[in-house]
Amino acid sequence: MKKIAVFTSGGDAPGMNACIRAVVRTAIFHGIEVYGITYGYDGMIAGNIKKMQSHSVSNIIQRGGTILKSARSEEFMTKEGRKKAYDQLKALEIDGIVAIGGDGTFTGAKVFFEEFGIPTVGCPGTIDNDIYGTDYTIGFDTAVNTALEAIDKIRDTAAAHDRIFFVEVMGRDSGYIAVECGIGGGAEFVMVPETETDLKKVVKSLKNLRKSKSSSIIVVAEGDEEGNAEVIMDQVKNKVNDEDKEFKVTTLGHIQRGGNPTARDRVLASRCGMAAVDGLISGQSNCMAGVVNGDVIYTSFEDCIGKTKPIKGDHLKLIEILSI
Ligand SMILES: Nc1ncnc2c1ncn2[C@@H]1O[C@H](COP(=O)(O)OP(=O)(O)OP(=O)(O)O)[C@@H](O)[C@H]1O
Ligand SMILES: O=P(O)(O)OC[C@H]1O[C@](O)(CO)[C@@H](O)[C@@H]1O
């Protein structure tokens, strides 16, 4: 292995910079030239590829976002687009790739490897935590803590005014953020795409609210099958049909993707970044470096994308039992 390239793709996530830093410095440590591709797969196609030095990644470990920028690329979904990307990498004699991103990024990396054969190892960079082969993804811990801080603040108003708040958190296809900040924030209900949302139960509970508690926090993952928080709130409000109850929606949005990464995310990102380069050197490919039960492991892209990592049943039970 002589020259590797690294890029970030899909939604940015806090900790991606720490991961880029680890990739660059591990490569240099092993005497491998390292190139940074800006704007993900779009940048690969356009040839936005520059050599990086150790100082290129100075003073970034604490920063959110990604110094390599990110993008969602339509062109890479086409065979012609991927051929252009391959030609750019071939011209620079790149013989290894580190792809930092989520399941979409790995789907693209798998197709690209199968077509052109450049060894590729991924690092799980997404706040969604929806990737099999790692207990946590880079950015998830920071996103949960950001959402939790917001919920704590919303709770003050909910309690002061006896209101019912629907708080929408990110998670296009996944409820991990919702479940963790729901547990940590003491939510009454959490609605996630992985399980069927029982609106009748929510309505029944809210009708009886005054008897037990005066306010309520309901966390909704944006991808819930019943709709987003606004849609769900409207349905519930109509069915509760009580003029004395005040319903509010807060959508947290992209604040969850930004900010300085937590210590957990920086450590995870550094471990995965180093493991990706070590993996390429030792012949790993078409797989992701993740951390399971405290150990670095490599999982094929096929499994990372194809297998589901279910939300733990006891987490859902916790919300139900602890909110009575
Ligand atoms: N089937 C595919 N073939 C080729 N490229 C793909 C494929 N699926 C996804 N990609 C590429 O990967 C990019 C990133 O995927 P996506 O937008 O789903 O984000 P992600 O990596 O899942 O991150 P996040 O979970 O943060 O959204 C896509 O914009 C596209 O360029
Ligand atoms: O910034 P964008 O492209 O709107 O992406 C939003 C999506 O990205 C994710 O945050 C993952 O990064 C999803 O949970 C969310 O639906």
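All of these numbers come straight from a predicted model, not from anything done at the bench.

Q: Where do I start with the overall build of the protein in this structure?
A: The secondary structure content of the protein amounts to twelve helices and eleven strands. Its C-alpha atoms give the protein a radius of gyration of 22 Å, near enough to 20 Å, the size a compact globule of 324 residues would have. Over its C-alpha atoms, taken along the principal directions, the protein stretches across nearly 70 × 35 × 30 Å. Counting every position in the protein, which comprises 324 residues, the buried fraction comes to 47%. Within the protein, contacts between residues separated by at least 24 positions form 77% of all contacts whose residues are at least 6 apart in sequence.

Q: Looking at this model, I keep getting lost on the domain arrangement of the protein. Mind explaining?
A: How big an interface is tends to be stated in terms of accessible area lost as the parts join. Segmenting the protein into domains produces domain 1 (3–139 + 261–306) and domain 2 (143–257). Its C-alpha centre places domain 1 at a distance of 34 Å from the equivalent point of domain 2. Listed as interface residues are nine residues of domain 1 and, on the opposing side, ten residues of domain 2. In terms of residue class, the side of domain 1 that touches domain 2 is built from two nonpolar, four polar and three charged.

Q: What is the right way to read the site of ligand 2 from this model?
A: Near ligand 2, the surroundings consist of Gly11, Thr126, Ile127, Asp128, Met170, Gly171, Arg172, Glu222 and Arg257. Across the shell around ligand 2, the residue classes break down as two nonpolar, three polar and four charged. Shared between two domains, the shell around ligand 2 takes at least three residues from each, and those domains are domain 1 (3–139 + 261–306) and domain 2 (143–257).

Q: I keep staring at the sheet that holds strand 9 (residues 246–251) and nothing clicks. Help me out?
A: In sheet architecture, strand pairing relies on hydrogen bonds along the backbone and comes in two forms, parallel and antiparallel. Spatially, the four strands line up as an open sheet ordered 7-8-6-9, and their pairing is parallel. Edge strands, defined here as strands with exactly one partner in the open sheet, are strand 7 (189–191) and strand 9. Going from strand to strand, the sheet's axes swing by 20° on average, the running direction of each strand aside. Strands in contact with helix 5 (residues 140–161) are strand 6 (163–169), strand 8 (216–221) and strand 9; relative to strand 6, the strand with the most contacts, it is inclined by about 165°. Contacts from helix 9 (residues 229–240) reach strand 6, strand 7, strand 8 and strand 9 within the one sheet, and its direction differs from that of strand 9 by about 170°.

Q: Help me understand the nonpolar core, please; the structure alone is not making it clear to me.
A: Here is a general trend for soluble globular proteins: nonpolar side chains tend to be buried in one another's company. Membership of the largest hydrophobic core comes to 87 residues, with the highest contact counts inside it found for Cys19, Val23, Val98 and Ile177. Looking at this core, you find at least three residues from each of domain 1 (3–139 + 261–306) and domain 2 (143–257). Other than its neighbours up to four places away in sequence, Val98 contacts Ile4, Val6, Val23, Val121, Cys123, Ala276 and Val277.

Here is what the cut-offs are and how they apply
- Residues numbered from 1 in each chain as written.
- Chains lettered and ligands numbered in written order.
- Predicted model: local features only at pLDDT ≥ 70, side-chain atom pairs only at ≥ 80, totals over all residues.
- Helix = DSSP H or I, 4+ residues; strand = E, 2+ residues; numbered from the N terminus.
- Rg over C-alpha atoms; globule rule 2.2 N^0.38 Å.
- Buried ≥ 20, exposed ≤ 12 C-beta atoms within 10 Å, placed from the backbone.
- Contact = placed C-beta atoms within 7 Å.
- Domains from an automatic or database assignment.
- Nonpolar A, V, L, I, M, F, W, Y, C, P; charged D, E, K, R; others polar.
- Near = placed C-beta within 6 Å.
- Pairing = 2+ DSSP bridges.
- Axes fitted to C-alpha atoms, helices over the stretch in contact; angles between N-to-C directions.
- Core = buried A, V, L, I, M, F, W, Y, C linked by C-beta atoms within 7 Å.

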